[in-house]
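# Tertiary structure, described
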Amino acid sequence: MTVGENMPVIRFRAVLELVEVLKSSAKYRLTYWGGSYEYMEMLHSNCRGNRDKTTGRKEIHVSHKPNYQSKDKSRPEMNLELKSSRNLSGLRNFLEFGKLTGLAYGEPIFEQTLKNGKENYFYPYRQDGFLFVCTPNLSDITDVHPTKIEWIVLKGSNEKPIRQRACKYIKPFREGGFNEQLESIQLRKYVDEDFPNV
């Protein structure tokens, strides 16, 4: 695949900034976003946690944890989870020789209803694919928790699903195949005031 050839459209992008590292996990906060307002509104409606006693805001936090949910050898090394341990995505191609590769891929859960009986609010976007740009801790290259993660959603459809093909876009991404799109999707600070109807 050559750079610029048949590239999927970037639906959405967001910046996850490291808040704290715990014993076996790390917590990130969604701070900036760009692209589809509808997608961000879906996250704002469903993914905010409890109100912070200091700021009075309900933040969107994402946990970064080792994948203990599956014994399958092909399982992703790490998972990203939203509130109530709701799986966002596994991270594949995340580590190489125990160090961050800098670019991982994943996909949303496909089922309409989750195992706990709750609705999967990612279901309308089930054919999308994810890329995750992971910034390493330069003071400790063995640290498996990035200092920042940029989450990029590649738009899929029933006619052209991306979810199982996201890995094919790692090389084009590294070669600049998405640079023009990324430059056109400006990031903005995530604030409640942008979502008055939620």
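So, a few notes on the structure that sits alongside this text.

How each quantity is defined
- Residues numbered from 1 in each chain as written.
- Predicted model: local features only at pLDDT ≥ 70, side-chain atom pairs only at ≥ 80, totals over all residues.
- Heavy atoms only, no water.
- Helix = DSSP H or I, 4+ residues; strand = E, 2+ residues; numbered from the N terminus.
- Rg over C-alpha atoms; globule rule 2.2 N^0.38 Å.
- Buried < 20%, exposed > 50% of the residue type's maximum accessible area, 1.4 Å probe, protein only.
- Areas by Shrake-Rupley, 256 points an atom, 1.4 Å probe, with all protein chains shown as cover.
- Lys, Arg positive; Asp, Glu negative; His and termini not counted.
- Charge placed at Lys NZ, Arg CZ, Asp CG, Glu CD.
- Phe/Tyr/Trp six-rings, centres within 6.5 Å; stacked < 30°, edge-to-face > 60°.
- Lys NZ or Arg CZ within 6 Å of the ring centre and 35° of its normal.
- Salt bridge = Lys/Arg side-chain N within 4 Å of Asp/Glu carboxyl O.
- Contact = heavy atoms within 4.5 Å.
- Polar contact = N/O pair within 3.5 Å; in protein donor to acceptor, adjacent residues only side chain to side chain.

### Focus: the overall build of the chain
The secondary structure content of the chain amounts to three helices and 12 strands. Against the globule reference of 16 Å for 198 residues, the chain gives a C-alpha radius of gyration of 16 Å, in line with a compact fold. Taken along its principal axes, the extent of the C-alpha atoms in the chain is 50 × 35 × 35 Å. The buried share of the chain, reckoned over its 198 residues, is 44%. As displayed, the chain has an accessible area near 11200 Å², and 46% of this comes from carbon and sulfur atoms. When the 31 positive and 25 negative side-chain charges of the chain are each reduced to one mean point, those points stand 5 Å apart.

### Overview of the packing of aromatic side chains
Aromatic ring pairs are described here by two measures, namely the spacing of the ring centres and the angle between the planes. Counted under the stated rule, the structure contains 15 aromatic pairs. Judged by centre distance (5.8 Å) and plane angle (75 degrees), the ring pair of Phe12 and Trp151 falls under edge-to-face. In this pair, Phe12 is assigned in strand E1 (residues 10-21) and Trp151 in strand E11 (residues 148-154), connecting sequence segments 139 residues apart. When its relative accessible area of 2% is taken as the criterion, Trp151 is described as buried. Aromatic rings pair up to connect Phe12, Trp33, Tyr37, Tyr39, Tyr121, Phe122, Tyr125, Phe130, Phe132, Trp151, Tyr190 and Phe195 into one cluster. Cation over ring: Arg86 sits above Tyr121, and NZ or CZ is 4.7 Å from the ring centre.

### A look at the pattern of salt bridges
A complete count under the given rule lists seven salt bridges for this structure. Between Arg13 and Glu150 there is a salt bridge, and its shortest N-O distance comes to 2.6 Å. In this pair, Arg13 sits in strand E1 while Glu150 sits in strand E11, placing the two residues 137 residues apart along the sequence. Both residues of the pair, Arg13 and Glu150, count as buried. Two residues, Arg57 and Asp192, come together in a salt bridge whose shortest N-O distance is 3.6 Å. One end of the pair, Arg57, is in the loop between strand E3 (48-51) and strand E4 (58-66); the other, Asp192, is in the segment after strand E12 (188-189), with 135 residues separating them in the sequence. Where salt bridges share partners, they join Arg57, Glu59 and Asp192 into one cluster.

### Here's the deal with unusual backbone geometry
With phi around 60 degrees, Ser84 is a residue other than glycine that occupies positive phi space. Note on placement: Ser84 falls in the loop between strand E5 (78-82) and strand E6 (86-91). The phi dihedral of Asn93 falls on the positive side, at around 60 degrees, and the residue is not glycine. A relative accessible area of 33% places Asn93 in the partly exposed class.

### Some remarks on the environment of Asn87
Inspection of the secondary structure puts Asn87 in strand E6. A relative accessible area of 18% places Asn87 in the buried class. Expressed as a C-alpha distance, the spacing of Asn87 and Asn137, which sit 50 residues apart in the sequence, is 24 Å. Asn87 has contacts with Asn79, Leu80, Glu81 and Ile109, leaving out every residue within four places of it along the chain.

### Remarks on helix H1 (residues 37-46)
Taken together, the buried positions of H1 are Tyr39, Met40, Met42, Leu43 and His44. Each element contacted by the buried residues of H1 is listed here: E1, strand E2 (26-35), E3, E4, strand E10 (129-135) and E11. Where H1 begins, the side chain of Ser36 points an oxygen toward the backbone nitrogen of Glu38, at a separation of 3.4 Å.

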